[in-house]
Amino acid sequence: MKSLNRSLILNLIRSKGTISRAEIAKQTKLTPPTVTNIVNELLVEGLVEEGHAGPSNGGRKPIMLRINTANFFVIGIDVGEKKIRFAVTDLNANIIGRQTVRLAEAVTKDQLVQTIMKQIYMLVDESAISFAKILGIGIGMHGIVDHEKGIAVFAPNLNMKNIPLKELLEKEFHIPVKVENDVRAMALGESWFGNGADYEDIVCINVGYGIGAGIIMKNRLFRGQHGVAGEIGHTVIDLNGPACSCGNYGCLQAIAANDGMKAYVIKQMALGRNTIISSLVNGNLEKVSGKVIHQAALAGDALAMEVLENSGRYLGASIANLINVLNPERIIIGGGISRAGAYILDPIIKVVEQRALNAEAKKTSIVQSKLKDKATLIGAVTLVLADLFSINYESPKQVI
Ligand SMILES: [Zn+2]
């Protein structure tokens, strides 16, 4: 069923909003009979609908076609370190229903898969839609993912290896399943529906417990030969820096992500610094997190503002390095710590202005994520949409 021409036409209708058959033929250079055949097929399937009559070029007014976005649905799943988010959306990624499940401390592989399956059934049931109307399931999974086989190869924070998510879910639900690393899914979501929509070359950086980047070049996800591309959290920014979870020393995330910020606060408190952070965590320093630090910064706490600025400066240096290597049009900052807004964004922009190589690079647009905590979820949905609307999975979001 799926052919190149079909995807080409579908994506053209999607990107134009409404378009006539004649215009499709003109833009795709397909013959009018080919366009008519494929459009008829899409009309029968209910993926496309006929709308109002368009402007006439002298003859009969053409019927405009558009995607029937409310007739089919997609399920998106964001498997995080502590919780799993689920959403069912229409073909414009508008959320129809959503749920969040907290994961138990020591969850097993089987429990994780069972939880995902059970929750999909519940979500579909509550949204009152039939499985026949669901075009696919997209999963944004933290850790290392084999996107071709759909396997979660290593999820460090869940301490799990080799979960064949695609195989298991396709066997259960009989619909296509796409699995991708969470940050790459996030970048795809921002590229289609967020702050990357008007840009071809973007880097989306997730700053939370770890730091990772999803790279999109010429509208395509870039993974590198061994899937390592975008691991900026493990680029070394201080040769004599603290130990990182990867076994190296001085990685960006060991300094600027959640644990690095926490270590900085605890060290400064041991040196006798005054801060309201200790009262915010009731003296339990284990509870110090990016969220608490942001809360303290909002209350004007000097140490909290300092630690956010410090993280921002290291992030800024890493981003300047990244700009000097990839030269993207826009950098999008997402993830938990990005919620600290200007406290973290201002020092990033300042350091990039100091360190990027030329005048244009210094002015690289750096913004917060538009989709915020839904970025990976919408990105997971986009994995399915990209497959439906594009010539191939990773190909351009726009046509022609
Ligand atoms: Zn590391």
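Here the structure is a predicted model, which is why all the values come from computation and not from measurement. Each chain has its residues counted from 1, running along the sequence as written. Given that the model is predicted, a residue must reach a pLDDT of at least 70 before its local features are reported, and side-chain atom pairs must reach 80 or more before they are shown or counted; all residues, however, enter totals for whole chains, interfaces and linings. Side-chain descriptors were evaluated using all non-hydrogen atoms of the structure, hydrogens and water having been removed beforehand.

*Asks:* Provide a residue-level description of the packing of aromatic side chains, including the pertinent values.
*Replies:* Two measures describe an aromatic ring pair: the distance that separates the ring centres and the angle between the ring planes. To pair, rings of Phe, Tyr and Trp, with the six-membered ring standing in for Trp, must have centres within 6.5 Å; the planes then decide the type, stacked if under 30 degrees apart, edge-to-face if over 60, and tilted in the middle. A complete count under the given rule lists 4 aromatic pairs for this structure. Ring geometry for Tyr-121 against Phe-173: centres 4.9 Å apart, planes inclined by 50°, an arrangement best described as tilted. Here Phe-173 lies in helix 5 (residues 165-173) and Tyr-121 lies in helix 4 (residues 109-126), a separation of 52 residues in the sequence. Relative accessibility under 20% of the residue-type maximum defines a buried residue, over 50% an exposed one, and the middle range a partly exposed one, all with a 1.4 Å probe and only protein chains included. Accessibility expressed as a relative area gives 7% for Phe-173, which makes it buried. Taken together, a centroid distance of 5.5 Å and an interplanar angle of 20° make the contact between Phe-131 and Phe-173 stacked. For the purposes of this entry, the term helix denotes a DSSP run of H or I that reaches at least four residues, the term strand denotes a run of E that reaches at least two, and both are numbered from the N terminus.

*Asks:* Explain the domain arrangement of the chain to me, and be specific about the residues and the numbers.
*Replies:* For the purposes of this description, domain bounds are those given by an automatic or database domain assignment. Assigned domains within the chain: domain 1 (4-67), domain 2 (73-182 + 375-389) and domain 3 (195-369). When each unit is reduced to the centre of its C-alpha atoms, the spacing between domain 2 and domain 3 is 27 Å. Tallying the contact residues gives 5 residues for domain 2 and 4 residues for domain 3. The term salt bridge refers to a side-chain nitrogen of Lys or Arg lying within 4 Å of a carboxyl oxygen of Asp or Glu. Applying the counting criterion to the domain 2 and domain 3 interface returns 1 salt bridge. Note that Glu-180 is salt-bridged to Arg-223, the shortest N-O span being 2.4 Å. Pairs of N or O atoms within 3.5 Å make up the polar contacts considered here, provided that, within protein, one atom can donate a hydrogen while the other can accept it, and that residues adjacent in sequence are counted only when both atoms are side-chain atoms. Viewed at the interface, domain 3 and domain 2 are joined by 3 residue pairs in polar contact (both at pLDDT 80 or more). Here, residues are in contact when the closest pair of their heavy atoms is within 4.5 Å.

*Asks:* Lay out the sheet that holds strand 10 (residues 160-163) with the relevant residues and their values.
*Replies:* The pairing criterion for strands is at least two bridges between them, as found by DSSP. The antiparallel open sheet is built from 3 strands, whose spatial order is 8-9-10. In this open sheet, the two edge strands, each paired with only one partner strand, are strand 8 (144-146) and strand 10. Between one strand axis and the next, the sheet turns through 10° on average, direction left out of account. Relative to strand 9 (residues 151-155), strand 8 runs antiparallel, the two being bridged by 3 bridges. Fitting a line to C-alpha atoms yields each axis, with helices limited to the stretch in contact; the angle taken between N-to-C directions then spans 0 to 180 degrees.

*Asks:* A description of helix 1 (residues 4-16) should follow, citing residues and the corresponding values.
*Replies:* Working rule for helices: expected span equals 1.5 Å times residues minus one. The end-to-end C-alpha distance of helix 1 is 18 Å, a good match for the 18 Å that 13 residues give at a rise of 1.5 Å each. Buried positions along helix 1 lie against strand 1 (19-20), helix 2 (21-28), helix 3 (32-45), strand 2 (48-53), strand 3 (63-67) and helix 14 (375-389). Positive phi appears at Gly-17, one or two residues downstream of helix 1, with a value of about 85°.

*Asks:* Could you give an account of the coordination of the zinc ion, naming the residues involved and the relevant values?
*Replies:* Distances define the donors: N, O and S atoms within 2.8 Å of the metal qualify, as do those within 3.2 Å of Na, K or Ca. Water is excluded, so some sites may look unfinished. Ligation of the zinc ion by protein atoms is provided by His-234 (ND1), Cys-244 (SG), Cys-246 (SG) and Cys-251 (SG), these donors lying 2.1 to 2.4 Å from the ion. For a four-donor site, all angles between 85 and 135 degrees give tetrahedral; for four or six donors, opposite pairs above 155 degrees with the remaining angles between 65 and 115 give square planar or octahedral; all remaining cases count as irregular. Each of the 4 donor atoms around the zinc ion contributes to a set of angles spanning 104 to 125°, which defines the coordination as tetrahedral. Sequence spacing of the donor residues for the zinc ion, all on one chain, is H-x9-C-x1-C-x4-C.

*Asks:* Lay out the packing of helix 2 against helix 3 with the relevant residues and their values.
*Replies:* The geometry of helix 2 relative to helix 3 is characterised by a closest axis approach of 9 Å and an angle of 120° between their N-to-C directions. Comparing the axis directions of helix 2 and helix 3 gives the class oblique. The element helix 2 and its partner helix 3 pack so that their crossing is right-handed. Between helix 2 and helix 3, the contacting residues are Arg-21, Ile-24, Ala-25 and Thr-28 on the first element and Pro-32, Val-35, Val-39, Asn-40 and Leu-43 on the second. Gly counts as polar in this scheme, as do all residues outside two lists: the nonpolar Ala, Val, Leu, Ile, Met, Phe, Trp, Tyr, Cys and Pro, and the charged Asp, Glu, Lys and Arg. The class makeup of the residues in the contact of helix 2 with helix 3 is 6 nonpolar, 2 polar and 1 charged. To sort the angles, those under 35 degrees are grouped as roughly parallel, those over 145 as roughly antiparallel, those from 65 to 115 as roughly perpendicular, and the leftovers as oblique. In this scheme, a crossing is called left-handed if the near helix is turned counterclockwise away from the far one by less than a right angle; it is called right-handed if the turn is clockwise.

*Asks:* Could you give an account of the pattern of salt bridges, with specific residues and numbers?
*Replies:* A full pass over the atoms with the stated rule returns 15 salt bridges. Where Arg-273 meets Glu-306, a salt bridge forms, and the shortest distance between an N and an O atom there is 2.8 Å. Taken together, the residues span a long stretch of sequence, with Arg-273 in the loop between helix 8 (258-270) and helix 9 (277-280) and Glu-306 in helix 11 (residues 302-326) at a distance of 33 residues. Given the relative accessible area of 28%, Glu-306 is considered partly exposed. Taken together, the shared-partner salt bridges connect Arg-6, Glu-41 and Glu-45 into one network.

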